[in-house]
Amino acid sequence: MPLWLVYHPEGTFVTPESKQALAADVMTMYTGGGLPAFYVVVNFITLPHTSIFVGGKNPPVEKPFIRFTVDHLAVHFGDDAERKLRVINTLDRLIKPHVADKGYDWEFSVDETPRELWKINGFIPPPHKSEAEAKWARDNRPSEWQGKL
């Protein structure tokens, strides 16, 4: 599961359409790699402008600051530096039209939570790229499966 938390000030991501557009782009990125769509969770967390501080100061209202935290559970990158670079460059391209092109400042970080500490509706997710995961993707829902992690 990729879990995206988008911390943004009031006045940004104000319409359902702006949120849907980013969430759809995020989902497409992950489903393109074979993950089930329902793995992808994007939460928008609106904060008062006066609750955001960068360098000890509130960013100017006309130059909002958006903070993304991304938690990867389904797929990890390990020590593969080239893959990590591809991922962060992909995230930059994904975020650009939603944030950078609007003149906002932004930052993101990606964490990797161990798969062993993850369940969906009480099920341990099947291994990545397994037939069971492909079934979950086709059905767009979790289900019982036989096998080992």
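Naming follows an unreviewed UniProt entry, where the protein chain appears as Oxalocrotonate tautomerase of Podospora aff. communis PSN243.

Teacher, can you tell me more about the pattern of salt bridges here?
Between side chains of opposite charge, a pair can form as their charged atoms come close. Applying the stated criterion to the full structure yields five salt bridges. Between Lys135 and Asp139 there is a salt bridge, and its shortest N-O distance comes to 2.5 Å. Of this pair, Lys135 and Asp139 both sit in helix α3 (residues 131-139), four residues apart, roughly one helical turn. The exposure class assigned to Lys135 is partly exposed, which follows from its relative accessible area of 35%. Classification of Asp139 by relative accessible area gives partly exposed; the value is 31%.

Even after reading the chapter, I still don't get the environment of Arg138, so can you show me in this structure?
In this structure, Arg138 sits in helix α3. For the pair Arg138 and Leu35, spaced 103 residues apart in sequence, the C-alpha separation works out to 10.0 Å.

Where do I start with the side chain of Glu133 in this structure?
With respect to the helices and strands, Glu133 occurs in helix α3. One buried charge, Glu133, has no salt-bridge partner; the nearest side chain with opposite charge is Arg115, at 5.0 Å.

Rules used throughout
Residues numbered from 1 in each chain as written. Predicted model: local features only at pLDDT ≥ 70, side-chain atom pairs only at ≥ 80, totals over all residues. Heavy atoms only, no water. Salt bridge = Lys/Arg side-chain N within 4 Å of Asp/Glu carboxyl O. Helix = DSSP H or I, 4+ residues; strand = E, 2+ residues; numbered from the N terminus. Buried < 20%, exposed > 50% of the residue type's maximum accessible area, 1.4 Å probe, protein only. Lys, Arg positive; Asp, Glu negative; His and termini not counted.

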